[in-house]
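# Residue-level structure breakdown
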Amino acid sequence: MLDEFGIRLRKTGSLIAMMLFFFIPVVSQETADRLYQSALYKEEVEGNLTEAIKLYKQVIEKSPKNAPTAAKALFQLGFCHERLEDANEAIASYQKILDHHADQKDIASRAKERLTLLLKEKELRDSKAIAVLPFKNMNEDKENEFFSDGITEDIITQLSKISEFRVISRSSTMQYKNSPKHLPLIGRDLGVGHLVEGSVFRSGDRVRISAHLVKTSTDEHLWAETYDKEMTEIFAIQTDVAKAIAAALNAKLSPSEKDRLEKKPTGSLDAYAYYVKGREYFYWFRKQDNEYAIQLFKKALEFDPNYALAYAGLADAYSQRVYSFGFSGSWIDSAIVMSTKAIAIDSNSAEGYKALGLAFASKGWSHRALEAEYRAVKLNPSHHAAVHNIGTRVWGMGQIAEGLQWLKKAHSLEPSFPMRYVAIGNAYRALDDDTKAEQWYRRASEIQPDFDRTYVAWAQLYLIQGKYKEALAMMEQEMIHTANRARALNTAGNGYLLMRNYDQAKQSFERAGAIDSTAVNLSSLGYVYWKIEKQDEARELFKRARTTLLSRLDEGDERDFVPFEIARIEAAQNRKAQAYSWLQKAIDAGWRNYRWGLIDPLLQNLQNDEQLKQMMAQVKAMVDLERMKAQEWEKQEKSNQ
């Protein structure tokens, strides 16, 4: 039976054989070898690294003790992780060979060679990377917990102004608050060469802050200092800490960096306290906490009407109302007003420019958004949100390879945020590299299993691959966990459309529209009505969607989905000339999703036309060029390390 299993698995990937294998604790050497060959086939012939990794892990788990097959599988597992740019997993695989299979001398020698190279690359990459761990609150009350967390964030902000440093974001380091984990292990997790940790004690009008800098590879303390001063000196302490760390790591500060480090954000300690507390509530990303953050930012402005950071905080919270909590889009106008005030008060406010860029982007003003976000990154090179936004913006304009570079940089600054993984996965999907796309989606799901955007993006990948049932199964599960989110419902609706199941598509689009009616939702629902012989209702929905989209264009919206959606509406009504005209405008604006264009139900009337085939071939050539650029950049990055 086991011999037959090996043959069936290699030739057909039999599900029954795989299930039998899972229930056998240890298999014969011959069966392990056959499974190894199946994994090797997946890796080298099919290029399916995700499936290869699964099979290699099974070989390692099921192989007889001390079998050479397990060592070979570990080596190939490490190599797969290298190809997927997961250095930490590759290092772990090679280290296991040295720890448990040293007697396999040839494989152990190759593993040692790869391990040495990866560790050297990692050390060089991490040498100027810093993470500030949450400072310990030495007081017992909650208010001082906010204060100590605020000190942590402010030191991160100060260090981020130094261009030589790569500073890990606050949200990635907060998971280590009160953690017993050893510093070298935390440094390895975060991919940094140095950690800053310390404590805060507040008594009346005085504050005592202790801080020290640790080299993670050796656990060596490079610098330490205790400040015991009046609360009025709090900003001077933060500046001193940043300067001392720069000196300890031989970082050279430019005159402008020195000026930005020494600038006091406010003269009011009360305003500062309310701002710090507001930021803490904002970062929880919950509706009630966002509303409370708005109150706190406003309170800060009562004490200091010229507090630029408080205006930037308000701008972010107003944008969050629209993006996450279903408020009217008019709050984006308020976000623009608040971020503009922040910049008017402090022309070097990276937070103000980042907030302005986000608000502009929501209007579809892509070039203005980019200008603001580039300015934010120039002022604060480690501002992960601004870096991420640049990546999504340039990618949306068709420059996918450059967008991927920015997204990878944002990931290095914020390695624990699932949206980074999803965005990188989306970029690889846009580059037709589905193996890497799925790998990044899987990582996102491991970091935060309930993050709905991961599964929506994953399902969209399945749709363009023709895996409609898998996509729908994922969305059905997702709709249970996310209280019928519109994104999941619209994605499910597209799946049903592709399967020509118009009744189910209608239900999905209608449920989505009841939550958040968009032009995309209206046009898709209109198409369903068109197909079920309700042309009058369909025309009305098409008209409403088209009016909304044209008004977006009149207001300066530059995003590619606007002309593409109009092209879909025209094509659905068999107005081919107009459809092709709008489709070309979408391509000119950066639309590159040709795989969807070839199967999109709303473009069905065009899909036998030579003109559409030629247009999609031209877009595919653009994508191929972007993929080559991305591969060349990745190769160059490796050679520079």
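Anyway, here's the lowdown on the structure attached to this text. (Residues numbered from 1 in each chain as written. Predicted model: local features only at pLDDT ≥ 70, side-chain atom pairs only at ≥ 80, totals over all residues. Heavy atoms only, no water.)

### Points about the overall build of the protein
Regarding its fold elements, the protein presents 32 helices and six strands. Computed over C-alpha atoms, the radius of gyration of the protein comes to 27 Å, within 12% of the 26 Å expected from 2.2 N^0.38 for 641 residues, which places it in the range of a compact globule. If one aligns the C-alpha atoms of the protein with their principal axes, the spans along those axes are about 75 × 70 × 40 Å. By residue count, 54% of the 641 residues in the protein fall in the buried class. Nonlocal contacts in the protein, meaning residues at least 24 apart in sequence, comprise 60% of its contacts between residues at least 6 apart. As displayed, the protein offers around 28700 Å² of accessible surface, 50% of which is attributable to carbon and sulfur atoms. Each charge class in the protein can be summarised by its mean position, and for the 88 positive and 88 negative side chains these summaries are 2 Å apart. (Helix = DSSP H or I, 4+ residues; strand = E, 2+ residues; numbered from the N terminus. Rg over C-alpha atoms; globule rule 2.2 N^0.38 Å. Buried < 20%, exposed > 50% of the residue type's maximum accessible area, 1.4 Å probe, protein only. Contact = heavy atoms within 4.5 Å. Areas by Shrake-Rupley, 256 points an atom, 1.4 Å probe, with all protein chains shown as cover. Lys, Arg positive; Asp, Glu negative; His and termini not counted. Charge placed at Lys NZ, Arg CZ, Asp CG, Glu CD.)

### Describing helix α22 (residues 434-447)
Counted at 1.5 Å a residue, the expected span for α22 with its 14 residues is 20 Å, and the 20 Å between its end C-alpha atoms agrees. Buried residues dominate α22, accounting for twelve of its 14 residues. (Expected span 1.5 Å × (residues − 1).)

### Remarks on the pattern of salt bridges
Pairing between side chains becomes possible if they bear opposite charge and their charged atoms approach one another. Here the structure, examined in full by the defined rule, presents 39 salt bridges. Between R206 and D228 there is a salt bridge, and its shortest N-O distance comes to 3.5 Å. Remark: D228 occurs in strand β6 (residues 220-230) and R206 occurs in strand β5 (residues 206-215); sequence separation between them is 22 residues. Given the relative accessible area of 35%, R206 is considered partly exposed. Here R487 ties to D452 by a salt bridge, and the two come within 2.9 Å at their closest N and O atoms. Highlighted residues: R487 in helix α25 (residues 486-498) and D452 in helix α23 (residues 452-464), separated in sequence by 35 residues. Linked through salt bridges whose partners overlap, the residues forming this network are R206, R208, D228 and E230. (Salt bridge = Lys/Arg side-chain N within 4 Å of Asp/Glu carboxyl O.)

### Here we look at the packing of helix α15 (residues 308-325) against helix α17 (residues 350-362)
Where α15 contacts α17, the two axes come as close as 9 Å, and the packing angle between them is 25 degrees. As the angle between them shows, α15 and α17 are arranged roughly parallel. Judged by the twist between their axes, the crossing of α15 over α17 is left-handed. Side by side, α15 and α17 meet where L309, A312, A315, D316, S319 and Y323 of the first sit next to E351, G352, K354, A355, L358, A359, A361 and S362 of the second. (Axes fitted to C-alpha atoms, helices over the stretch in contact; angles between N-to-C directions. Parallel < 35°, antiparallel > 145°, perpendicular 65-115°, else oblique. Left-handed = near helix turned anticlockwise from the far one by under 90°.)

### Some thoughts on helix α26 (residues 502-515)
A turn of α-helix holds 3.6 residues, and therefore any two residues three or four places apart point the same way. Taking 1.5 Å per residue as the helical rise, α26 with its 14 residues ought to reach 20 Å, and the 20 Å between its terminal C-alpha atoms agrees with that figure. Where the residues of α26 are buried, they touch α25 and α27 (519-531).

### Notes on the packing of α27 against helix α28 (residues 535-554)
Remark: α27 packs on α28, axes separated minimally by 8 Å, with the N-to-C direction vectors making an angle of 160 degrees. Compared by their axis directions, α27 and α28 come out roughly antiparallel. Relative to α28, α27 is oriented so that their crossing is left-handed. Across the interface between the two elements, A519, L522, S523, L525, G526, Y527, Y529 and W530 of α27 pack against Q535, E537, A538, R539, L541, F542, R544, A545, T548 and L549 of α28. Of the residues assigned to the contact of α27 with α28, the class counts are eleven nonpolar, four polar and three charged. (Nonpolar A, V, L, I, M, F, W, Y, C, P; charged D, E, K, R; others polar.)

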